[in-house]
Every structure is written in C-alpha cells, then in structure tokens.
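Residue strings, one per chain:
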Amino acid sequence: MTPEEILEKLFTSEDIEAEWFAPEFLSQVSITQVIIIITDVKKQLRTYQGVQKNGHDYVVNFSQGSVATQIVLNSKGRITGLLLQPNLNISSLSDAIAEFKKLPGKVSFIVKENSSIIADFNAKTPLAVGSAFKLAVLKTLKVQISSGQKSWKDIVTLQSEDKSLPSGILQNWSDNSPLTLQTLASLMISISDNTATDILIKQVGKSIESSSSRNRPFLSTRELFILKGSQNRQLLERYRNGNEKQRRVLLAELASQPLPDVNEFIDTNPNALDVEWFYSAEELCELIEEVADLPLMSINSGVANPNDWERVAYKGGSEPGVLNFTTWLKGKNGKQYCVVATWNNSDTPVDEGKFYALYGGVISFLAAGK
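Because the structure is predicted, anything quoted here is derived from the model rather than measured.

S.K.: Mind laying out the sheet that holds strand β3 (residues 65-73), listing which residues take part and the relevant values?
M.R.: One open sheet holds the four strands; their spatial order is β1-β2-β3-β4, and the pairing between them is antiparallel. Two strands close off the open sheet at either side, each with one partner strand: β1 (48-54) and β4 (79-88). For this sheet, the mean inter-axis angle between neighbouring strands, taken without regard to orientation, is 20°. Taken together, the six bridges between β1 and strand β2 (residues 57-62) define a ladder with antiparallel strand orientation. Directly across from V51, in β2, lies its bridge partner V60. Each of β1, β2, β3 and β4 is contacted by helix α1 (residues 3-12), which is oriented at about 150° to β1, the strand it contacts most.

In structure tokens form, the structure reads like this:
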C-alpha cells in the first residue's frame, strides 16, 4: 500500500489495528495512544475528505481543517514513524479569537506582523507558561555572550546537583560530562531539556531576573519539581506564603532535598499553578524576537510547517493545566510574525489537541497570506 492509502485507512477505518505499526513504533507510542490521537483529530476536524502529497510529506484534508503529516514505512509496509500536525480552518484572526474565548480557564493570544499587533486577546495578562520561560534564559545568555562575558564555546561540567526531571536527556548522563554553552542552549530549546536549563540558569546568575520582576526569585526546574512533589506540601505552603526574601531562604534549603518520582508528574491533574513562571503574550513576543536569529531556535519548528516559511523559531511549554505555544516566523514575502497563545486551567488538564489545532490554524492562515 502507498503512504496515501495507509493514511486513508488510518483516518477512515472504524478500528485501528496494531499490526499496521512496526513493533519499534509501538514500543514508543501504544496503540491506545494512537487511537486516542486519531479519534481526537477526527472529532476536531470532522469529515474526512482525502490525502494529498506535499513535497516529501502529506496533507490529510477534513471538512473543518487539515493535518500536515509525515509518515515512514518499513519494507513490510508498517508504520515506523508518524507525525501529525492538525490545523483548524481559520477564516480570520477575529474568528480565532472567538474560538480562544470559548476555552475554559484563562487564555491569552497575540499576533504581531512586523512591529504591529494585528490580533490581541488578553495579551498583557501574565499567565503560567511552562517551559516557554526558557526563552528568558536564552536571552540572558545571549546578552552575556554579546558583551564578552561568556562564549558559546565555554565548557561546564554536569554535576549531580544540577540534574532535574525530564523532559530532556542530560539527567541520564554521567556526572562530570563536559558540555559547551552552545550544546546546553540547543538542548534547552530543541527538546526542552530541564537539566540543561538549570545549568544555564546557574551560569547566567541573578541577572535573569531582570527579564521579569514578577518571577523573583527565578525558579529552576529542579526547584519547581521539589515544591510540587506530593511529599513536600509544607515546603510548598511556606513558599506560597513567603515574601521574596523568605522564598530565597527556602530555595537554598531545597538544594539538599531529593527530587520527587517523575511518575508524580505524568497524566496528573493541575498542581499548584500559582508556582510557575509567569509571562504575558506580549512579553513572550519580545523575548523570542530577541533570540529568533540564533540557529538553535529553528532546530524544532514546533507547530509551523517550515516548508511554508523562510525561517521559523519556536518554543513551547506545558504542564497539567498549562499550555503555551510561542512562534516567530519570517514569511517568504519578507513579513515577520510573532504568534503566542497561552492557556491556563486550574480545574482540569487542558485539551492539548484542540488548542494545537486552533493555534496551528492561525499559523496556516498567516502562511496563506490571507
């Protein structure tokens, strides 16, 4: 079967079978997860209309949107790789804002074209942004490198006390592994490596707090995980009730605390969303505009299809109840865009598929030059 035929079968069959996928694929993504993802896409985008080739990739079309798709098959015709990027059809940015307004909880959204704001919904409202805060770390590092204080080639060694929980890979590396600042920054942005982030926070020091007065003291990811650990409720309450000075004293104490079990943070309900990193959509645009020229910002293009743009820079963030997408784009017509959307819901985990499709629809709308 051709890739087009397999994709059609995947999106039109009543039952999705495990034998359609290679064992190595199912070792990473269960058939149950596949069924959930496909079902969610069909629910969001409604009636299947067909598959078309797009360069080396494919677009699966539906009545209310499309799915940019990358698929890899082995010699037996089984799926070994599958990447789906759903996009809801957006007829105008006003329509997108109307859809964002329907979401429960708190939402902020901004679209900038060059230096002008062309869409705005709560864009000045600070919300928890998850790992999108790492843009502030990168900006501070870039400033220090530009001023000659540091170099991308500077080498630091990985220490056990720097290790955090995933996402990322460095938490599994051997102690004393040498790493350049360039490598650390690339891992922090491309795969949101938390250990790389914490090392860089230590490297840039307190000057990072100049990026936002409301994020003082500026938490490391390790500190955040410890504060939110189920065995550390008393520490969490002390942090919540403390002033800035008291919080700094408490964070110094956390250095001797062990990390919680990573399983505590998988498929959970929102947990202490008041302890996070808070930025407005406007501020995130300012941050990504400062670092968009760095090559490492384009390793992971996020929601945007890089084939549609001259250049894409991206960073997102999430935890249960928090979701953010921040993208800087340079069009083939020379126009530059920043698109930021953040969703916070302290009651239930956010619907990531729905938010992704809506945000992806905005990116596709801009790419079409409408």
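S.K.: Break down the pattern of salt bridges for me, with residues and values.
M.R.: A side chain with one charge can pair with a side chain of the opposite charge if their charged atoms come near. Across all of its chains, the model carries 15 salt bridges by this definition. Between E283 and R214 there is a salt bridge, with its nearest N and O atoms 2.7 Å apart. You can see E283 sitting in helix α11 (residues 281-291) and its partner R214 sitting in the loop between α7 (194-204) and α8 (221-228), a full 69 residues away along the chain. We classify R214 as partly exposed; its relative accessible area is 38%. The partner of K330 in a salt bridge is E310, with the nearest N and O atoms 3.5 Å apart. Of the two residues, K330 sits in strand β12 (residues 322-330) while E310 sits in the loop between α11 and β11 (311-319), which places them 20 residues apart along the sequence. The exposure class assigned to K330 is partly exposed, which follows from its relative accessible area of 24%.

S.K.: Tell me about the nonpolar core, and name the residues and values.
M.R.: Core analysis: the biggest nonpolar cluster contains 57 residues, and L138, L184, L227, Y279 and M297 have the highest contact counts within it. If we ignore the near neighbours within four places in the chain, the residues touching L138 are W152, A185, M188, I189, V291, L294, L296 and M297. Core analysis: the next-biggest nonpolar cluster, separate from the first, contains 54 residues, W20, L103, V107 and Y337 among them.

Rules used in this analysis
Residues numbered from 1 in each chain as written. Predicted model: local features only at pLDDT ≥ 70, side-chain atom pairs only at ≥ 80, totals over all residues. Heavy atoms only, no water. Pairing = 2+ DSSP bridges. Helix = DSSP H or I, 4+ residues; strand = E, 2+ residues; numbered from the N terminus. Axes fitted to C-alpha atoms, helices over the stretch in contact; angles between N-to-C directions. Contact = heavy atoms within 4.5 Å. Salt bridge = Lys/Arg side-chain N within 4 Å of Asp/Glu carboxyl O. Buried < 20%, exposed > 50% of the residue type's maximum accessible area, 1.4 Å probe, protein only. Core = buried A, V, L, I, M, F, W, Y, C linked by side-chain atoms within 4.5 Å.

Geometric values such as these leave the question of function open.
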